[in-house]
Amino acid sequence: MEFRELGRSGLRISMLSLGTMTFGGKDNFGALGSTDVSGARRQIGMAMDAGVNCVDTADMYSAGAAEEILGEAIEGRRDQLVISTKVRMPAGDGPNDAGLSRHHIIRQLEGSLQRLRTDYVDIYHVHEWDGQSRHLWRRRSRHWTHWCGQARSAISASRTTADGS
């Protein structure tokens, strides 16, 4: 497997990563698949055997079930993997349950850590620009999670609009 450095972070990640959108199969994600813990262990093992060290998930995949399944499936192997998760999408019906406010970023990271059964994630992505939260607050929130040791690398939007915003 070929590895690349993530920006200037020093973190080396495999060219391929394993995605977990099929883990859980709740809500609309059921149309994509419904991988359980046993299946996740098998997929992760196969990926690791092929040299993959990066597993990507998100707080909103199957209403958090994907992170729960991943957390259980990697038990005992956490330190061998680079875990990436994302924030931005709705995680409830409340007015602060979506977006990129400091409140939502921190609350969702804390929830992700609990579901993943870990003290930190290696990469914390902004899943998508929200158009409402000020860039300064998003940046400060990401720096705060990095400073606390909960997110080793904080990354800007992983998905943008056609005009690059």
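One can find the structure itself at the top, above this paragraph.
Being a predicted model, the structure only gives us computed values, none of them experimental.

Student: Describe in detail the side chain of Asp-122, supporting the description with residues and values.
Tutor: Turning to its location among the elements, Asp-122 is positioned in strand β6 (residues 121-126). For Asp-122, the side chain forms a polar contact with the side chain of Arg-78, separated by 2.9 Å. Within polar-contact distance, the side chain of Asp-122 engages the backbone nitrogen of Ile-83 at 2.8 Å.

Student: Outline the pattern of salt bridges, listing residues and values.
Tutor: Scanning the model with the defined rule gives 7 salt bridges in all. Glu-67 serves as the salt-bridge partner of Arg-115, at 2.7 Å between the closest nitrogen and oxygen. Of the two residues, Arg-115 sits in helix α3 (residues 102-116) while Glu-67 sits in helix α2 (residues 65-73), which places them 48 residues apart along the sequence. Relative accessible area serves as the criterion here: at 19%, Arg-115 is assigned to the buried category. The closest approach of N and O atoms between Glu-72 and Arg-117, which form a salt bridge, is 3.7 Å. Taken together, the residues span a long stretch of sequence, with Glu-72 in helix α2 and Arg-117 in the loop between α3 and β6 at a distance of 45 residues. Given the relative accessible area of 28%, Glu-72 is considered partly exposed. A cluster of three or more residues bridged by salt bridges with shared partners is formed by Arg-41, Glu-72, Glu-75 and Arg-117.

Student: Give me unusual backbone geometry: which residues, what numbers.
Tutor: Excluding glycine, residues mostly have negative phi values, and the peptide bonds linking residues are mostly trans. Of note in this structure, Asp-27 is not a glycine but carries a positive phi near 55 degrees. With respect to the element layout, Asp-27 can be found in the loop between β3 (17-19) and α1 (37-49).

Student: How would you sum up the pairing of β6? Please name residues and give values.
Tutor: When you tally the buried positions in β6, you get 6 out of 6 residues, the bulk of the element. One ladder, built from 4 bridges, connects strand β5 (residues 82-87) with β6; its direction is parallel. Its bridge partner lying in β6, Ser-84 is registered against Ile-123.

Student: So, the packing of aromatic side chains: which residues are in play, and what are the values?
Tutor: Considering all chains together, one arrives at 1 aromatic pair under this definition. The interplanar angle of 55 degrees and the centroid separation of 5.6 Å between the aromatic rings of Phe-29 and Tyr-61 together place this pair among those described as tilted. On the criterion of sequence distance, the pair formed by Phe-29 in the loop between β3 and α1 and Tyr-61 in the loop between β4 (54-56) and α2 is long-range, its members being 32 residues apart. For the pair Phe-29 and Tyr-61, one class covers both residues: buried. For Arg-78, the ring lying beneath its charged end belongs to Tyr-120, and the centroid distance is 4.2 Å.

Student: Help me get a handle on a nonpolar patch on the surface, residues and values and all.
Tutor: A cluster of nonpolar side chains, Met-1, Phe-3, Met-15 and Leu-16, forms an exposed patch at the surface whose accessible area comes to about 370 Å². Along the chain, Met-1 turns up in the segment before β1 (3-5). Residue class for Met-1 comes out partly exposed when judged on its relative accessible area of 42%.

The rules behind these values
- Residues numbered from 1 in each chain as written.
- Predicted model: local features only at pLDDT ≥ 70, side-chain atom pairs only at ≥ 80, totals over all residues.
- Heavy atoms only, no water.
- Helix = DSSP H or I, 4+ residues; strand = E, 2+ residues; numbered from the N terminus.
- Polar contact = N/O pair within 3.5 Å; in protein donor to acceptor, adjacent residues only side chain to side chain.
- Salt bridge = Lys/Arg side-chain N within 4 Å of Asp/Glu carboxyl O.
- Buried < 20%, exposed > 50% of the residue type's maximum accessible area, 1.4 Å probe, protein only.
- Pairing = 2+ DSSP bridges.
- Phe/Tyr/Trp six-rings, centres within 6.5 Å; stacked < 30°, edge-to-face > 60°.
- Lys NZ or Arg CZ within 6 Å of the ring centre and 35° of its normal.
- Patch = residues over 30% accessible without salt bridge, like charges linked within 9 Å, V, L, I, M, F, W, Y side chains within 5 Å.
- Areas by Shrake-Rupley, 256 points an atom, 1.4 Å probe, with all protein chains shown as cover.

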